[in-house]
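# Structural overview
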Amino acid sequence: MINSRAADTLGMDEAQMRALGHQMVEMVIDHLVGRSGEPAIEVTSRARLEALIGGPVPQDPSDAGAALAQLRAHVIPNQQHGDHPRYFARVPSPAAFTGILGDWLGTGFNTIATSWVGGSGPAVTELIVIDWLRQALGMPEGTQGIIVSGGSLANFTAFAAAFAAKGRGIVYMNDQTHSSLKRNLTAAGLDSSDIRMLPTNDRQEYDLADLQAAIAEDRARGLKPVMIIGNAGTTNTGAVDPLPGLAALARAEDMWLHIDGAYGGPAALTAQGAEALAGMELADSLVIDPHKWLFQPYDCGVVLVRHPGALERAFAMSPEYLKDVMGGEDEVDLFNRSLELSRKTRALKLWLTFKTHGLTRIAAAVQAGIEIAERAEAMVRAEPEAWELVTKAKLGIVTFARVGAGAKDHARLVANLTAEGWATLSSTSIKGRSVLRLCTLNPLTSDDDLRGTLERLAAMKITGE
Ligand SMILES: Cc1ncc(COP(=O)(O)O)c(C=O)c1O
């Protein structure tokens, strides 16, 4: 009986499904094997891309193999390739094959991690993975969490838990906090006059005395300080705020400590990173993004909350039409931990990666990223006539300036390198100083990749502007 039913909802035949599936697997593995010979980034104009893959709404069937080939040829190349060994811009995403496989499996079976009855397998996988991360990052037993699409949504989810626990009031961040966090707060309805953006010191970290004074001043004005946001690796320079000091201050002031470790947090899996990030485990809520530095494909952001039930207190609902599928005492309805009701499972990929490679191997790959930035720093220091080091290698980020270059020069160097596609990096500014920035999270990056990138940048003309 089962065989008499078409395998595909829209009627594709089984032989073709198998052929296309195998074709796609080969395409992806060819890419992974040959990626260093492909561009690190490519961009094409909207008009050209529309001409290649647009047109009127397709009314009639066409060959799926040809359509897939069209996507491979025109869509896939035109993006930043975060898994490329010379992709040093913003924050790379060097996804491991186990992560890709886990995502494919989940998509192939259309897995859902929402109510308990609706997806007990995926839900348990998510709870297990969250607990593995909790242990690896040193948070206490009882800490709970949820996997969402990335750092932005994970930080938003944490803020909802913080406000449910502490009420609304004044929130403190600093000038190195990722810009999405301020956006999260205002989108959550906070008035921008309730957000304090403190200037950082010359290490790009909070000055604890300034923070304490700002809190005291707000209290003296009759306002209610509710949350301190700390950085466990800033996107600009990898700076880490004085986390134990922030935790002590938050406890003393009865405030919530949120730590954004979206990019830097996974460094705590290594001895060197754990030292730099000491105190991160004291957070009331902590965010890390496995699609940045835990070798997962997009999308995958994790929020961990120290207080059992805090996420549910912000997000729980129990409509009558979901009562049939809700879990019992020890079971978890994950839809009660964030804004997502229907939600894919993002846990299978993490589970498969942890299970296959183990924490030791994963930590070694994170350590490799830390050391690649240190080698880039040494290369910059070795050529003082070309480069000036601006911030030392920290958690896989190093910043430097081309001697004699201005902000326009740096922007042009990045644009030229990006247009060539051989490698790409970012420009940014630190306290008004324009810099170039390498983020080296991909353990596949070689010294030749670093050297070639610096040589290309050094050979480009600058004007001093
Ligand atoms: C420190 C930090 N926080 C938050 C974010 C936002 O994360 P996402 O892009 O996954 O939403 C980023 C992104 O780079 C980041 O580096």
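Every chain begins its residue count from 1, and numbering advances along the sequence as written. Side-chain atom pairs in this predicted model are given and counted only at pLDDT of 80 or more, local residue features only at pLDDT of at least 70, and totals for whole chains, interfaces and linings cover all residues. Side-chain numbers here rest on the full set of heavy atoms in the structure, without hydrogens or water.

## Side note on the sheet that holds strand E6 (residues 285-288)
In short, DSSP must find at least two bridges between two strands for them to pair. Strands here mean DSSP runs of E at least two residues long; helices mean DSSP runs of H or I at least four residues long; both are numbered from the N terminus. Judged by pairing direction, the sheet is mixed, and its seven strands sit side by side in the order E1-E7-E6-E5-E4-E2-E3 without closing on themselves. Each of the sheet's edge strands pairs with one partner strand only, and the pair in question is strand E1 (144-148) and strand E3 (195-198). Along the sheet, successive strands turn relative to each other by an average axial angle of 15°, direction set aside. In the sheet, E1 pairs with strand E7 (residues 301-305) via five bridges, with the strands oriented antiparallel. In the strand pairing of E7, Ile 147 is matched with Val 302. Contacts are residue-level and defined by heavy atoms, with any inter-residue pair within 4.5 Å sufficient. For every element, the axis is a line fit to its C-alpha atoms; helices are fit only across the contacting stretch, and the angle between N-to-C directions ranges from 0 to 180 degrees. Contacts from helix H9 (residues 243-252) reach strand E4 (225-231) and strand E5 (256-261) within the one sheet, and its direction differs from that of E4 by about 170°.

## Here we look at helix H5 (residues 120-137)
With 18 residues, H5 should reach 26 Å at 1.5 Å per residue; the first-to-last C-alpha distance of 25 Å fits that figure. Burial classes: relative accessible area under 20% of the type maximum marks a residue as buried, over 50% as exposed, and values in between as partly exposed (1.4 Å probe, protein chains only). All of the buried residues along H5 are Pro 122, Ala 123, Thr 125, Glu 126, Val 129, Ile 130, Leu 133, Arg 134, Ala 136 and Leu 137. Buried-residue contacts for H5 involve E1, E6, E7 and helix H13 (347-381). Taken from the residues just after H5, Gly 138 is the one with a positive phi, measuring 80°. Each residue after the first adds 1.5 Å to the expected span of a helix.

## A look at the side chain of Thr 237
Tracing the backbone through its elements, the reader meets Thr 237 in the loop between E4 and H9. Within 3.5 Å is the distance limit for a polar contact, defined as a pair of N or O atoms, with the added protein rule that one can donate a hydrogen and the other accept it, and that residues adjacent in sequence qualify only through two side-chain atoms. Of note is the side chain of Thr 237, whose polar atom sits 3.3 Å from the side chain of Thr 234. One polar contact links the side chain of Thr 237 to the main-chain amide nitrogen of Ala 239, over a distance of 3.4 Å. Not counting chain neighbours up to four residues away, the residues in contact with Thr 237 comprise Gln 204, Thr 391, Lys 394, Ile 397, Thr 399 and Ile 430.

## Examining unusual backbone geometry
Here the residue pair Tyr 298 and Asp 299 is connected by a cis peptide bond, since its omega of -5° sits within 30 degrees of zero. Its place among the elements puts Asp 299 in the loop between helix H11 (290-293) and E7. Within the chain, Asp 254 stands out as a residue other than glycine whose phi angle is a positive 55°. The phi dihedral of Phe 295 falls on the positive side, at around 65°, and the residue is not glycine. Note on placement: Phe 295 falls in the loop between H11 and E7.

## Here's the deal with the site of the ligand
Nearness of a residue to a molecule or strand requires only that one of the residue's heavy atoms be within 4 Å of it. By nearness alone, 14 residues border the ligand, and Gly 151, Ser 152, Thr 235, Asp 260 and Asp 289 come closest of all. Contact distances for the ligand include 3.0 Å between an oxygen atom and a side-chain N or O atom of Lys 292. Contact with the protein chains covers 82% of the free accessible surface of the ligand, which is 390 Å². A per-element tally of the shell around the ligand places helix H6 (residues 151-166) first, with three residues. Any residue outside Ala, Val, Leu, Ile, Met, Phe, Trp, Tyr, Cys, Pro, Asp, Glu, Lys and Arg is labelled polar, Gly included; the first ten of those are nonpolar and the last four are charged. Considered class by class, the residues forming the shell around the ligand number three nonpolar, eight polar and three charged. Note on areas: these come from Shrake-Rupley sampling with a 1.4 Å probe, and a residue is covered only by the protein chains present in the view.

## A short note on the nonpolar core
Among buried residues, those of type Ala, Val, Leu, Ile, Met, Phe, Trp, Tyr and Cys that are joined through side-chain atoms within 4.5 Å constitute a nonpolar core. Counting residues in hydrophobic clusters, the biggest one holds 84 residues, and the most contacted among them are Tyr 172, Leu 185, Leu 211, Met 227, Ile 228, Met 280 and Trp 293. With eight residues, the top contributor of residues to this core is H13. What Met 227 contacts, discounting residues up to four positions off in sequence, is Phe 159, Ala 162, Phe 163, Ile 170, Val 171, Tyr 172, Leu 185, Met 255, Trp 256 and His 258.

## Description of the pairing of strand E9 (residues 397-402)
With six of six residues buried, E9 is to be regarded as a mostly interior element. Adjacent in sequence and paired antiparallel, strand E8 (residues 387-394) and E9 are bridged by two residues, among which Leu 395 carries a positive phi angle near 45°. Here four bridges tie E9 to strand E11 (residues 433-439), and the two strands are oriented antiparallel to one another. Paired with Thr 399 across the bridge in E11 is Arg 437.

## Comments concerning the environment of Gln 204
With respect to the helices and strands, the residue Gln 204 is situated in the loop between E3 and helix H8 (208-220). Look at Gln 204 and you get buried, because its relative accessible area is 9%. Taking the C-alpha atoms as reference points, Gln 204 and Asn 174, 30 residues apart in sequence, are found 9.0 Å from one another. Once residues within four sequence positions are removed from consideration, Gln 204 is found in contact with Gln 176, Thr 237, Ala 239, Asp 241, Thr 391 and Ile 430. Here the side chain of Gln 204 touches Asp 202 through a polar contact of 3.3 Å, landing on its backbone oxygen.

## With respect to the pattern of salt bridges
In the sections that follow, a salt bridge refers to a side-chain nitrogen of Lys or Arg positioned within 4 Å of a carboxyl oxygen of Asp or Glu. Throughout the structure, instances matching the rule amount to 26 salt bridges. Close ionic contact of Asp 218 with Arg 196 constitutes a salt bridge, the shortest N to O distance being 3.0 Å. Of this pair, Asp 218 sits in helix H8 while Arg 196 sits in strand E3, and the two are 22 residues apart along the sequence. Of the two residues, Asp 218 and Arg 196, neither departs from the other in class, the shared state being buried.

## Some thoughts on the packing of aromatic side chains
Classification of ring pairs uses Phe, Tyr and Trp, with its six-membered ring standing for Trp, and accepts pairs whose centres are within 6.5 Å; under 30 degrees between planes counts as stacked, over 60 as edge-to-face, and the remaining range as tilted. Counting across every chain of the model gives four aromatic pairs. On the basis of an interplanar angle of 90° and a centroid distance of 6.1 Å, the ring pair of Phe 97 and Trp 104 is categorised as edge-to-face. A relative accessible area of 32% means that Phe 97 is categorised as partly exposed. Looking at Trp 104, the relative accessible area reads 26%, which means it is partly exposed. Judged by centre distance (5.2 Å) and plane angle (90°), the rings of Trp 387 and Phe 400 are edge-to-face. Highlighted residues: Trp 387 in strand E8 and Phe 400 in strand E9, separated in sequence by 13 residues. Using a relative accessible area of 0% as the deciding quantity, one classes Phe 400 as buried. One Lys or Arg, Arg 86, reaches over the ring of Trp 422 and ends 4.0 Å from the middle of that ring. As a reminder, the over-ring test applies to NZ of lysine and CZ of arginine, requiring each to be within 6 Å of the ring centre and within 35 degrees of the ring normal. Positioned above the aromatic ring of Trp 422, the side-chain terminus of Arg 456 is 3.9 Å from the ring centre.

## Re the sheet that holds E8
Taking strand neighbours across the sheet as the criterion, the four strands line up as E8-E9-E11-E10 in an open arrangement whose pairing is antiparallel. Looking at strand neighbours, the two that pair on one side only are E8 and strand E10 (426-430), the edges of this open sheet. Each adjacent strand pair in this sheet contributes to an overall mean axis angle of 35°, direction not counted. For E10 and E11, the ladder comprises five bridges, and the chain directions are antiparallel. Within E11, the residue paired with Ser 429 across the bridge is Ser 434.

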